[in-house]
Structure formats: structure tokens, C-alpha cells
Amino acid sequence: MSVHALPTANASSRKPVTLHSLRAMQARSEKIAMLTAYDATYARLADEAGIDTVLVGDSLGMVVQGHTSTLPTTLDEMAYHTRCVARGLQGGAAWLIADLPFASYQQGTAQAMAASAALMQAGAQMVKLEGGGWTPETVRFLVERGIPVCAHLGLTPQSVHALGGYRIQGRDAASATTLRAHARELAEAGAAMMVLELMPTDVASAVQSDNPQMITIGIGAGPGTAGQVLVLHDMLGLTRGKLPRFVRNFARDEQTGAAVATEAALAAYVAAVKSGHFPDPVAHAYGSAA
């Protein structure tokens, strides 16, 4: 049995994606394709498929480690997987974002700085944190010290117990107004990007229009954001159990149901996001706020 080592470099014909080029993509209305990855092999495959940004999500706690939530994932584990993904992207083009896990930034700006430094030293080019209201101070502190920040509003998995489970956020007028206010505060604090998860399409679209300088990435937030993200295991049909309606299995041909190779599935995801065919405004979205 022969074992083929992962190449140390992944030569790419694409220019490296930067925050500047992501902003340029948004300005010309080119959709941004983001995908999670947790190891070098899948990171390399995603990059070769044309993914713009790779997210080392704390979702690894569920899809890799087998936990029932993201809460048990530690900073050391996030740094380890970030290093793995960064190696897979060597010589490639994709922009690398890493999640700040639960309890690594909530105590204050000093803790957030230390955790962010650990992820940046592991290879991340941007860190992501969840929540609004109390987070702008942390975002501003990090951005002023040269750390690009991606915010995350809507369903924030680290707050799943406080939210009462994995429920759609911003469905009524009051909560939609709060989401938009939190988004403005985070944008003003310097967040360059924001993941909008599980919210009505019109709320997510309003967040983008309210903050045109910020790059919004949707997951279960409809087609009105600047880009889309899915969990790798979900879009490859590997996750068992009932999946949210916003997930599409790209490892199955939509017409024939035939299995599709991983490389082809990743390329199909990128093409569907770029063309605007994913997400479908009916099949993968949640309509309007009440």
C-alpha cells in the first residue's frame, strides 16, 4: 500500500485573495464563495475548486469531534486545525478565517487579543467572533491592532442555549431592528466582514444595504448577501440526520441523483454561488420578517 504525502505547496493560477480583493469583488457584484475546512487535504481541494475564503469554523466540534454543539471546542484545538488548513493552502489563493471559540474572547479585550494572536500565528488572516451589543468594543480593539475581524449575527451557535436552540432570528420587527442596529455598531467598530446566519432574507438584505462597506456572508439568510458559506460536511452530504433547509447536497447531481466526485462537488458549489443559483430564494431561504 503506497501512501502519497500531501504536497508542501499548492501552486495556484489565481492571485492570492486579500481583503482588498474581496472588497473589489463585492463592489463589482461578484458573489464570494466561502466554505469551512478543518484539515490540509480538504483545504487544498477547496482552494483548487476556486473557493475565495476558507473558514476554520468551531463547527469542527460537531462535525469532526462529535460534540452536540460548538461549545466544547477549545482555542488550542482551533489553532491546531488552523495550522493544518494553512498548510493545505500553501501556494494557493484562498483567504483564511478562523473562529474564536467559546470562552476565548468573552472576558474582555486582552483575552480576545491573546486568542486572536494565537490564531493569526497559526496562519489565519482574519478572526471571527459571534454576537452583537457587547462585541463592538472588542472588534474595535482588535482592528486598531491590525487584526481583521469578521463578525457573526443571527443564529450564533455559541449562544445556542440562550437563544433557545437553533432557531431563526429576526423574525419579528423588534428583533430585526435589533439585528440591524447591532450590525451597524459592528461595522462602525471596523468589522470588515459579517456572517449572517438563519434569518429572513429581507433582514439580511437590509443589513447589507445599511452597511455597504461591509462584506456580508449568508448561511440560511437568502441570496441578498455579498457571499455564501456552508459547512463542508453538509454540502458534501456527509452529515447525518435532518439538515436545515438552507443546505444543498452538492455531492449529488440535482437531476439524476448520481454521486458526484468531491472535486466536482466543490467546483459546483463555487459555480452555483458565483452565478447566483445558490441559494435558491424559495428552497433555501426563510422569506420575510413579520
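Residues numbered from 1 in each chain as written. Predicted model: local features only at pLDDT ≥ 70, side-chain atom pairs only at ≥ 80, totals over all residues. Heavy atoms only, no water.

## Focus: the layout of surface pockets
Phase 1 of the analysis: By volume, the largest pocket amounts to about 670 Å³.
Phase 2 of the analysis: Together, 30 residues line the largest pocket, and M62, Y166, E197, V231 and D234 are the ones closest to its centre.
Phase 3 of the analysis: Listing elements by their share of the lining of the largest pocket, those giving two or more residues are helix 3 (60-63) and strand 6 (193-197).
Phase 4 of the analysis: Of the residues belonging to the lining of the largest pocket, the class tally is 15 nonpolar, seven polar and eight charged.
Phase 5 of the analysis: Approximately 310 Å³ is the volume attributed to the second largest pocket.
Phase 6 of the analysis: Around the second largest pocket, the lining comprises 19 residues; the ones closest to its centre are G131, G132, G154, T156 and L163.
Phase 7 of the analysis: Those elements that place two or more of their residues in the lining of the second largest pocket are strand 5 (149-154) and helix 8 (173-189).
Phase 8 of the analysis: When residues of the lining of the second largest pocket are assigned to their parent elements, the largest contribution, four residues, is made by helix 8.
Phase 9 of the analysis: Class assignment for the residues of the lining of the second largest pocket results in six nonpolar, 12 polar and one charged. (1 Å grid on protein atoms, 1.4 Å probe; cavity = no way out; pocket = protein on both sides within 12 Å on 5 of 7 lines; lining within 4 Å. Points joined across faces, edges and corners; volume = space filled by probe spheres on them. Helix = DSSP H or I, 4+ residues; strand = E, 2+ residues; numbered from the N terminus. Nonpolar A, V, L, I, M, F, W, Y, C, P; charged D, E, K, R; others polar.)

## Here we look at the UniProt feature "active site" (unreviewed entry) in the protein
Phase 1 of the analysis: The UniProt record marks E197 with the feature "active site" (unreviewed entry), using the residue numbering of this structure.
Phase 2 of the analysis: As for its placement among the helices and strands, E197 is situated in strand 6.
Phase 3 of the analysis: E197 has contacts with H152, L153, G154, L155, P157 and I219, leaving out every residue within four places of it along the chain.
Phase 4 of the analysis: One polar contact links E197 to H152, side chain to side chain, over a distance of 2.9 Å. (UniProt positions renumbered as here; feature names shortened; annotations may be inferred. Contact = heavy atoms within 4.5 Å. Polar contact = N/O pair within 3.5 Å; in protein donor to acceptor, adjacent residues only side chain to side chain.)

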